Amino acid sequence: MPRLGRSFLAAELVGALVMVVLAAGTGTVRVTILDVAFIGAALLLLSVFDVWLPHGDSADIAQALAIGAVFIIGAVPAMGMACLARVIAHIFRHRLDRSDQLLHLLSRRIIGLGVAGLAYAWLVAWEPIRGPSTAAYILAASAAVLTDAVLLQAYTASRHHQSMARLFAGGLRLQGLMWGAYVSVSALTAILFPDMGAWGLLLMSGLLIVMRQSFSLLLDIRGAYQATMAALAAAVEAHDPRRQGHADRVAALARAIGIELGLHGRDLERLGYAALLHDVDLIGTAEGEEVVPGTRPSELLADVKFLADVLPVLAMCDGAGRSEDAAERDRLLAYIVCRASNLDDLIKHETAAVRIYSQDAMGAILSTNEREPVERAVWRLLAPGARLSA
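Read on for a plain summary of the structure. (Residues numbered from 1 in each chain as written. Predicted model: local features only at pLDDT ≥ 70, side-chain atom pairs only at ≥ 80, totals over all residues. Heavy atoms only, no water.)

A few words on the packing of helix 3 (residues 62–73) against helix 5 (residues 99–125). Between helix 3 and helix 5, whose axes approach to 9 Å, the crossing angle comes to 35°. As helix 3 packs across helix 5, the resulting crossing turns out to be right-handed. Judged by residue contacts, Ala62, Gln63, Ala66, Ile67, Val70 and Phe71 of helix 3 engage Arg108, Arg109, Gly112, Leu113, Ala116, Gly117 and Tyr120 from helix 5. In terms of residue class, the contact of helix 3 with helix 5 is made up of eight nonpolar, three polar and two charged. (Axes fitted to C-alpha atoms, helices over the stretch in contact; angles between N-to-C directions. Helix = DSSP H or I, 4+ residues; strand = E, 2+ residues; numbered from the N terminus. Left-handed = near helix turned anticlockwise from the far one by under 90°. Contact = heavy atoms within 4.5 Å. Nonpolar A, V, L, I, M, F, W, Y, C, P; charged D, E, K, R; others polar.)

Rendered as structure tokens:
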């Protein structure tokens, strides 16, 4: 783990300890041992069936139920049960490996639950609310879910040296609806448990598992699309060894330039896809051969709905689109792809059977003034010690 990641983890652990001390002052609620057992079993079940994200982080679907437990049994008992469930689930999945990841997940749970407890204690004492209510549950759960999301993105940013704001924007786009659902489940758990007991927990656990399956399916679909794009890029290179690795390198360079320019979320994703596929029309052609008319990348992929917003970028890269009529962001992405492709050819210092974009072609995409931010980003990446991986 990078030094910055370790420093952030240490700060998280300190924050978790402070939160335990603060939450201890909010008190507990009297419940039966059977109720505690039901809550613990539900938390363990959800922790075992958690969703693991591409960077190795966790979506932590059990946190929603744990926040509801804060309103039922108090912050500190909920912290203890949630952490125990997480440790057991981690050992079940990873044994004793990835201890730093486990510490991060435990710290996230403690801090998030502590925020829920403190916010709830303040809200029930607030004059407009005065006592347990749906409004108090929703507001306290919202504060906890937002805190958990910020901690996740900050931890990822510290490990991968990326902008936290960009990561949070991407996380909001991917998981925003789930975060809202977590708030609803937390509030419903607190509302239903006094009357329904274990049946209420079972109902909420079922809803969370359904959300988990839907989110996991979404990640699988996105992963399948990415694998398909990589396979197409590999097919371009298979015919000629000199092309090997070109698409992956261009995609990495393009994403690195995009990150330097502040791109995030779907724009960064579109940039990566366009870079991977910018030479897809070269499949089966040897160096010097003409590309068959009607087989430009934007034309070959015209029926792929998933790439509908990538096609305008590819069209400008292959000269099939009129850049003056294109959206400003599409023109920027197309120029970055062309610049990254030429840059890869320059870095490799060898003649490769890949498309080289002329200055005239690139000038038709962006004017000289519009290109300046991109060129500055390229020079920053070429500086000694700069990281070119995205």
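A few words now on the pattern of salt bridges. Counted according to the given criterion, the structure contains ten salt bridges. For the salt bridge of Asp148 with Arg108, the shortest nitrogen-to-oxygen distance reads 2.9 Å. With a gap of 40 residues between them, Asp148 in helix 6 (residues 134–160) and Arg108 in helix 5 connect regions that are remote in the sequence. Under the relative-accessibility criterion, Arg108 is labelled buried at 0%. For Asp330, the salt bridge goes to Arg270, with nearest N and O atoms at 2.2 Å. In this pair, Asp330 sits in helix 13 (residues 328–348) while Arg270 sits in helix 10 (residues 265–277), placing the two residues 60 residues apart along the sequence. A relative accessible area of 7% means that Arg270 is categorised as buried. The network of salt bridges with shared partners includes Asp267, Arg270, Asp309, Arg329 and Asp330. (Salt bridge = Lys/Arg side-chain N within 4 Å of Asp/Glu carboxyl O. Buried < 20%, exposed > 50% of the residue type's maximum accessible area, 1.4 Å probe, protein only.)

For an α-helix, the turn length of 3.6 residues means that residues three or four places apart are oriented alike. Look at helix 3: 16 Å from first C-alpha to last across twelve residues, which is about the 16 Å you get at 1.5 Å a residue. Most of helix 3 is tucked away: twelve of the twelve residues are buried. Those residues of helix 3 that fall on the buried side of the exposure criterion are Ala62, Gln63, Ala64, Leu65, Ala66, Ile67, Gly68, Ala69, Val70, Phe71, Ile72 and Ile73. Positive backbone phi, approximately 105°, marks Gly74, located one or two places after helix 3. (Expected span 1.5 Å × (residues − 1).)

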